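The residues making up each chain are set out below.
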Amino acid sequence: MTSIALSSARPTKISADAVVVGVTAADGGPRLLDGTASVDKALHGSLANTLRDLGATGKADEVTKVPMTGNTKAAIVVAVGLGKLAEHGTTAYREALRRAAGSAARALAGTRAAVFALPVSEPDDAAAITEGVLLGSYAFGQYKTGNGKPPLERATLVASRADGRRSTAALRRAEVLAEAVNQARHWVNTPPRDMTPAAFAAAAQQHARGLGMDVTVLDEAALRKGGYGGIVGVGQGSANPPRLVRLAYRPFRAKRHVALVGKGITFDSGGLSLKTADGMTTMKCDMGGAAAVVAAVVAVARLQPRVAVTAYAPMAENMPSGSAQRPSDVLTIRGGKTVEVLNTDAEGRLVLADAIARAGEDEPDLIVDIATLTGACRIALGTRTAGIMANDDRLRDQVHRAAERAGEPMWPLPLSPELREKLDSPVADIANVGAKWGGALSAGLFLAEFVADGIGWAHIDIAGPAFNEDSPFGYTPKGGTGAGVRTLVQIVEDVADGTLSAMPRP
Ligand code: BES
Ligand code: MN
Ligand code: ZN
């Protein structure tokens, strides 16, 4: 990963190949941000005009490279746009810094060392820039034989007012978070033949090891024995048998306990309710929720907040075969409820039902599940925004605020009660598909049935943002995005400090 250092030296005096400066979109054209004075001076005050002549506007994600001529160490200036800048200190302001740092870092692939002279007036600003640089530098090159541009090697952040301990903690948190997001991206990007349930479980176990977590992996035989009919049913069509991973982080003197549950379908062909060829091209991303919870609990174990966290990752491959479950089969979920499978492509809710029911047995205060659950959520909110549902409106709003602070777009969706009866089955307790419209909500209502009484529960549908099929933007690459990781860690931290309080029990 790219290495990050802080310096209070002038950007022009730091040895590097490039220096990054920020530009906003003002009424009269691009305007230089604070921190650019010495760079501009080295160019005899011409930088703003040069940028305008080159057509720069300062809009978000815009990157303009300008050769350095004066007395500076770096050979080029990389001017990055931040758009119309929000007020300093707001979440939108920090997200603008994060995005700009990410765009610049992407444009600097193939470069050894860069100075980031973006404005830092408090530790959170430096943290946002650090996250942006580390996330923007991510590349998935493992399966390429050619040698593409290596990511930026070293970044030095100019932070004249960075005060000691607070900065160190903020920067370390930023690094831990970025590593976790990049890890989740890596797991999502890894082809499904190499990311089978067994391989994914082994990777999760390996990452949890050494962090003092309690690790349990149930294999197919243990899942059958334990009554996990959903995970077994979805996994039975595949040559790669299913797993359930449980990772428990138990700090000293925790008052609260949060369970994180992530959908881990290593490939979703739809099963016998087979998807179209087009519909399954991105379905290696269907374990994005599990990747997020495993990466998040690893980050939590490194940051050590005083909240107990248990992560559950039900893993299965959804394939059609002679042994696959059929539409109209009835499964018994952990805890005894029965489900009529009307569509084998609505498999995520089946594995999540088992895992949510199991999570409830630990009696946590809060269960947060995260899943690439429905195409309907993508249709509703687009490919950048996740949907949030919850069994309590205040809880849903507090999760939403955590996401906002983490810099992840999410939006509340209702659990419309009238849709519940459409899930009624003539043969089982519930069916796995319901009304034609509002598919994201029906899926949420289905999951709600498996949440034990008296536990706060929130559901995050990341079918939109988990996988980026478009061009990279800001700090988001093509492919796996690591969606949800930062929000999950923020939720745990918010529970630790009481910001997130909407849970039934004290
Ligand atoms: N994994 C898909 C949802 C999905 C679609 C995620 C597109 C990311 C991008 C999920 O298992 C699925 O197939 N859902 C069905 C449910 C339907 C059969 C009720 C869907 O959304 O079509
Ligand atoms: Mn499916
Ligand atoms: Zn799926």
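In this report, the structure presented in the accompanying data block is examined. (Residues numbered from 1 in each chain as written. Chains lettered and ligands numbered in written order. Predicted model: local features only at pLDDT ≥ 70, side-chain atom pairs only at ≥ 80, totals over all residues. Heavy atoms only, no water.)

### With respect to the overall build of the protein chain
Argument step 1. For the protein chain, the count of helices and strands is 14 helices and 21 strands.
Argument step 2. For 506 residues, the compact-globule formula gives about 23 Å, and the C-alpha radius of gyration of the protein chain, at 24 Å, lands near that figure.
Argument step 3. A buried classification covers 59% of the 506 residues belonging to the protein chain.
Argument step 4. Accessible surface computed for the protein chain: about 20,200 Å², of which carbon and sulfur atoms make up 49%.
Argument step 5. Looking at the protein chain, you have 55 positive and 52 negative side-chain charges, and the mean spots of the two groups are 6 Å apart. (Helix = DSSP H or I, 4+ residues; strand = E, 2+ residues; numbered from the N terminus. Rg over C-alpha atoms; globule rule 2.2 N^0.38 Å. Buried < 20%, exposed > 50% of the residue type's maximum accessible area, 1.4 Å probe, protein only. Areas by Shrake-Rupley, 256 points an atom, 1.4 Å probe, with all protein chains shown as cover. Lys, Arg positive; Asp, Glu negative; His and termini not counted. Charge placed at Lys NZ, Arg CZ, Asp CG, Glu CD.)

### Re the packing of helix α12 (residues 393-406) against helix α14 (residues 485-497)
Argument step 1. Running from N to C, α12 and α14 point in directions that differ by 120°, and their axes come no closer than 8 Å. Classified by the interaxial angle, the pair formed by α12 and α14 is oblique. Of the two possible hands of crossing, α12 and α14 adopt the one that is right-handed. Contacts between α12 and α14 pair Val 399, Ala 402, Ala 403, Arg 405 and Ala 406 from the former with Arg 486, Thr 487, Gln 490, Ile 491 and Asp 494 from the latter.
Argument step 2. Residue composition of the contact of α12 with α14, grouped by class: five nonpolar, two polar and three charged. (Axes fitted to C-alpha atoms, helices over the stretch in contact; angles between N-to-C directions. Parallel < 35°, antiparallel > 145°, perpendicular 65-115°, else oblique. Left-handed = near helix turned anticlockwise from the far one by under 90°. Contact = heavy atoms within 4.5 Å. Nonpolar A, V, L, I, M, F, W, Y, C, P; charged D, E, K, R; others polar.)

### Looking at the nonpolar core
Argument step 1. Grouped together as the largest cluster of nonpolar side chains are 96 residues, with contacts concentrated most on Phe 116, Ile 129, Val 133, Trp 187 and Leu 366.
Argument step 2. A total of twelve residues in this core trace back to one element, the largest contributor, which is helix α9 (residues 288-303).
Argument step 3. When residues of this core are assigned to domains, at least three fall in each of domain 1 (14-137) and domain 2 (182-497).
Argument step 4. Leave out the neighbours within four places in its chain, and Trp 187 touches Met 195, Phe 200, Ala 203, His 207, Met 287, Ala 291, Val 294 and Ala 295.
Argument step 5. If you look at the next biggest cluster of nonpolar residues, it comprises 43 residues, including Tyr 312, Ile 356, Phe 450 and Ile 455. (Core = buried A, V, L, I, M, F, W, Y, C linked by side-chain atoms within 4.5 Å. Domains from an automatic or database assignment.)

### Some words on the coordination of the manganese ion (ligand 2)
Argument step 1. Around the manganese ion (ligand 2), the protein contributes the donor atoms Asp 268 (OD), Asp 345 (O), Asp 345 (OD) and Glu 347 (OE), which lie 2.1 to 2.2 Å from the metal centre.
Argument step 2. One can describe the donor arrangement at the manganese ion (ligand 2) as irregular, given that its six donor atoms subtend angles of 71 to 168° at the metal.
Argument step 3. Between consecutive donors of the manganese ion (ligand 2), the numbers of intervening residues give the motif D-x76-D-x1-E.
Argument step 4. Here the manganese ion (ligand 2) and the zinc ion (ligand 3) are spaced 3.1 Å apart, linked through Asp 268, which binds each one. Taken together, the positions of Asp 268 in strand β11 (residues 264-268) and Glu 347 in the loop between β14 (338-340) and α10 (348-361) put the pair 79 residues apart, joining distant regions of the chain.
Argument step 5. Asp 268 sits in the buried class, given a relative accessible area of 3%. (Donors = N, O, S within 2.8 Å, 3.2 Å for Na, K, Ca; no water. Tetrahedral: all angles 85-135°; square planar, octahedral: opposite > 155°, others 65-115°.)

### Digging into the coordination of the zinc ion (ligand 3)
Argument step 1. Around the zinc ion (ligand 3), the protein supplies Lys 263 (NZ), Asp 268 (OD), Asp 286 (OD) and Glu 347 (OE) as donor atoms, at distances of 2.0 to 2.4 Å.
Argument step 2. Coordination at the zinc ion (ligand 3) is octahedral: its six donor atoms span angles of 78 to 173° at the metal.
Argument step 3. In the primary structure, the donors to the zinc ion (ligand 3) are separated according to the pattern K-x4-D-x17-D-x60-E.

### Examining a positive patch on the surface
Argument step 1. A cluster of like positive charges, contributed by Arg 10, Lys 13, Lys 41 and Lys 73, occupies part of the molecular surface.
Argument step 2. Locating Lys 13 in the fold gives a position in the loop between β1 (3-7) and β2 (18-26). (Patch = residues over 30% accessible without salt bridge, like charges linked within 9 Å, V, L, I, M, F, W, Y side chains within 5 Å. Salt bridge = Lys/Arg side-chain N within 4 Å of Asp/Glu carboxyl O.)

### Notes on the sheet that holds strand β13 (residues 330-332)
Strand pairing in a sheet relies on backbone hydrogen bonds. The paired strands run either parallel or antiparallel.
Argument step 1. As summarised here, the arrangement of the three strands in space is β13-β14-β18, forming an open sheet in which the pairing is mixed. In the strand order of this sheet, the two ends are held by β13 and β18 (430-431), each with one partner.
Argument step 2. Pairing geometry for β14 and β18, over two bridges, is parallel. Counterpart to Glu 340 in the pairing with β18 is Ala 431. (Pairing = 2+ DSSP bridges.)

### Notes on the pairing of strand β12 (residues 308-318)
Argument step 1. With eleven of its eleven residues buried, β12 lies for the most part within the structure.
Argument step 2. Of the two faces of β12, the one carrying Ala 308, Thr 310, Tyr 312, Pro 314, Ala 316 and Asn 318 and the one carrying Val 309, Ala 311, Ala 313, Met 315 and Glu 317 are both buried.
Argument step 3. Pairing of strand β9 (residues 243-249) with β12 involves seven bridges; the strand directions are antiparallel. Among the inter-strand pairings, Leu 247 is bridged to a residue of β12, identified as Ala 311.
Argument step 4. When strand β10 (residues 257-262) meets β12, the two strands line up parallel, connected through five bridges. Across the sheet, the residue bridging to Val 261 is Tyr 312, located in β12.
Argument step 5. Pairing of β11 with β12, which is carried by four bridges, proceeds in the parallel orientation.

### As for the side chain of Asp 365
Argument step 1. With respect to the helices and strands, the residue Asp 365 is situated in the loop between α10 and β15 (366-371).
Argument step 2. The exposure class of Asp 365 is buried, given its relative accessible area of 10%.

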